[in-house]
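Per-entry structural report
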Amino acid sequence: GERGERGDWSASIPLPLKALNELCFGSLESLPGGKLRHSFPEEYAARAMDLLHYRYPGVGGESYMDLVTNCREVVLALERMRTDVAVVCDVAVARVLLGYFTGTPIEQIPEIAISPGLGLVELVRGHSGFSIEHHDIFDVGRPSLLAS
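Structural notes, computed from the coordinates. (Residues numbered from 1 in each chain as written. Predicted model: local features only at pLDDT ≥ 70, side-chain atom pairs only at ≥ 80, totals over all residues. Heavy atoms only, no water.)

Examining the overall build of the protein chain
A tally of regular secondary structure across the protein chain gives five helices and two strands. Scanning the protein chain from its N terminus toward the C terminus, one meets helices and strands in the order α-α-α-α-α-β-β. The buried share of the protein chain, taken over its 148 residues, is 24%. Partitioning the intrachain contacts of the protein chain with sequence separation of at least 6 by distance along the chain shows that 48% fall at a separation of at least 24. A total accessible area of about 10500 Å² is found for the protein chain, and carbon and sulfur atoms account for 56% of it. (Helix = DSSP H or I, 4+ residues; strand = E, 2+ residues; numbered from the N terminus. Buried < 20%, exposed > 50% of the residue type's maximum accessible area, 1.4 Å probe, protein only. Contact = heavy atoms within 4.5 Å. Areas by Shrake-Rupley, 256 points an atom, 1.4 Å probe, with all protein chains shown as cover.)

Quick look at the environment of leucine 78
Tracing the chain through its elements places leucine 78 in helix α4 (residues 72-80). Taking relative accessible area as the criterion, leucine 78 reaches 17% and is therefore assigned buried. Along the backbone, leucine 78 and phenylalanine 101 are 23 residues apart, and their C-alpha atoms lie at a distance of 9.8 Å. Not counting residues up to four positions away in its chain, the partners in contact with leucine 78 are Val85, Val87, Leu97, Phe101 and Arg125.

Some words on the side chain of aspartate 66
Residue position: aspartate 66 is located in helix α3 (residues 64-70). Here arginine 55 takes part through its side chain, which lies 2.7 Å from a polar atom of the side chain of aspartate 66. Within the structure, the side chain of aspartate 66 is placed 2.8 Å from the backbone nitrogen of serine 63, a separation counted as a polar contact. Discounting chain neighbours no more than four positions away, the residues touching aspartate 66 are Arg55 and Gly61. (Polar contact = N/O pair within 3.5 Å; in protein donor to acceptor, adjacent residues only side chain to side chain.)

Any functional reading would require information that these geometric values do not contain.
In structure tokens:
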């Protein structure tokens, strides 16, 4: 539909999916953001060597490859959808989904640029695949998309 018709999710049903949970940092889960380099330099170096396959240490620790596997069923379900779909997920999961739908080589998925926070990434289906449009939810000078 037209852009003016999009965004009416009043009749939608939220479907929480475990596959869309954030990447588990294992025993480093409680580590404040950005502290890996200084607190665990050996883990930081190992992660930097292979962002795709590096698995965080400890119980439940995951890698981007784990997310790729976990998201497989979600991707298949999204491929079958013929209507607009809103996916709310963590940045790492968003990288996996965007990587798949844009044909990004798997090795580059962990480096897909996504701004964390209140933003919206729209995948637009076209004849030759998907294109990405970025939208700021809180854009100065425009009403908030969250405003009622």
